[in-house]
Amino acid sequence: MEPLKRTMKVMAVLCLAPLAGVGCGRSEPSAGNSERLSPYTYSELRKVSLADRGPACARLSIGPSVAYSGCFTTDHFPLFVYGDLDETLVLLGIDSDAVRLIDPGFKVVAMSDHFVAVQKSREMGTNDLRFTLTSAKAVRWCRLDRHLFIQCRKFVQTG
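Here the residue numbering is sequential within each chain, running from 1 through the sequence in written order. A pLDDT threshold of at least 70 governs which residues receive local features in this predicted model, and a stricter bar of 80 or more applies before side-chain atom pairs are shown or counted, although totals over entire chains, interfaces and linings include all residues. Heavy atoms throughout the structure, all of them, feed into the side-chain values; hydrogens and water do not.

### A closer look at the pattern of salt bridges
Under the convention used in this document: Each reported salt bridge corresponds to a side-chain nitrogen of Lys or Arg within 4 Å of a carboxyl oxygen of Asp or Glu. Secondary structure elements are defined from DSSP: runs of H or I of at least 4 residues count as helices, runs of E of at least 2 residues count as strands, and each element is numbered from the N terminus. Burial classes: relative accessible area under 20% of the type maximum marks a residue as buried, over 50% as exposed, and values in between as partly exposed (1.4 Å probe, protein chains only).
Counted according to the given criterion, the structure contains three salt bridges. For the salt bridge of R140 with D95, the shortest nitrogen-to-oxygen distance reads 2.6 Å. Pair noted here: R140 is in strand β10 (residues 138-144) and D95 is in the loop between β5 (89-93) and β6 (98-101), with a separation of 45 residues, a long-range link. The exposure class assigned to R140 is buried, which follows from its relative accessible area of 11%. The residue D103 makes a salt bridge to R130 at a minimum N-O spacing of 2.6 Å.

Following this line, the structure appears as structure tokens:
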């Protein structure tokens, strides 16, 4: 008789749990709380991985394929490192603590201490990639144009 009482108590608690705000599993979006869909669509990429081998060497893989692996010699950052026009993927060398994309039609797909891989949505067309770089010394507003030329302007000198 005791196991039956215990089972009935558990069933009562489970029946009242949704009233207390407790739920299990996937919730369905309601009319008042529907999820906001992004107006941007992106080419589907297999897993993107970025191996940072110091400030001047990187390896970018898309799925099992190596898209870029190499080193360069420069001290001028940010730097365009690699671009894939089919997937609209761009790899940039950076020298900052934080990168913020200005336009919502771009998204970061991989990032390391010295590199960032950004994907362009289909809706962005030939728009330039605009972003800010923030470090302890300055905040810079930058633009990568369709000719893969980067221009940056300093906003604030902090050091």
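### Some words on the sheet that holds strand β2 (residues 57-62)
As a reminder, the rule being used: Pairing between strands is defined by DSSP: at least two bridges between the two strands are required. Here the axes come from fitting lines to C-alpha atoms, over the contacting stretch only for helices, and the angles between their N-to-C directions go from 0 to 180 degrees.
Ordered in space as β1-β2-β3, the three strands form an open sheet in which the pairing is antiparallel. Two strands close off the open sheet at either side, each with one partner strand: β1 (48-52) and β3 (65-71). When the angles between neighbouring strand axes are averaged without regard to direction, this sheet yields 10°. Direction of pairing for β2 relative to β3: antiparallel, over a ladder of six bridges. Following the sheet pairing, C57 is matched in β3 by C71.

### Describing the nonpolar core
Test applied: Nonpolar cores are built from buried Ala, Val, Leu, Ile, Met, Phe, Trp, Tyr and Cys residues. Side-chain atoms within 4.5 Å join them into one set. Pairs of residues are marked as contacts when any of their non-hydrogen atoms sit within 4.5 Å.
In this structure, L50, L60, Y68, V81, L91 and F115 are the most contacted members of the largest nonpolar core, which totals 16 residues. Elements supplying a minimum of two residues to this core: β1, β2, β4 (79-84), β5 and β8 (115-120). In terms of residue count, β2 provides more of this core than any other element does, three residues in total. Excluding anything up to four places from it in sequence, Y68 contacts A58, R59, L60, V81, Y82 and L91.

### Some points on unusual backbone geometry
That bond from F77 to P78 is cis: its omega, 0°, falls within 30 degrees of zero. Note that P78 resides in the loop between β3 and β4. At L148, a residue that is not glycine, the phi angle is positive and equals roughly 65°. Residue position: L148 is located in the loop between β10 and β11 (150-157).

### Some details on the state of the cysteines
Basically, it comes down to this: By definition, disulfides here are pairs of cysteine sulfur atoms that lie within 2.5 Å.
In total, this model carries two disulfides according to the counting rule given. One disulfide in the model links C57 with C71; its S-S distance is 1.9 Å. For the disulfide bridge between C57 and C71, the dihedral angle about the S-S bond is near 115°, and by the sign convention the bridge is right-handed. Here C57 is found in strand β2, whereas its partner C71 is found in strand β3, with 14 residues between them in sequence.

### Things to note about the sheet that holds β5
Taken in spatial order, the four strands of this open sheet run β4-β5-β8-β7, and their pairing is antiparallel. The open sheet terminates on both sides in strands that have one partner only, identified here as β4 and β7 (106-111). On average, adjacent strands in this sheet sit at an angle of 25° to one another, irrespective of strand direction.

### Observations concerning the pairing of β2
Summarising burial for β2: five of the six residues are buried, a large majority. Pairing of β1 with β2, which is carried by five bridges, proceeds in the antiparallel orientation. In the strand pairing of β2, L50 is matched with L60. Connecting β1 to the antiparallel partner β2 that follows it, the hairpin turn spans four residues, and G54 within it adopts a positive phi of roughly 110°. Linking two consecutive strands that pair antiparallel, namely β2 and β3, is a turn of two residues; a positive phi of about 65° is found at G63 within it.

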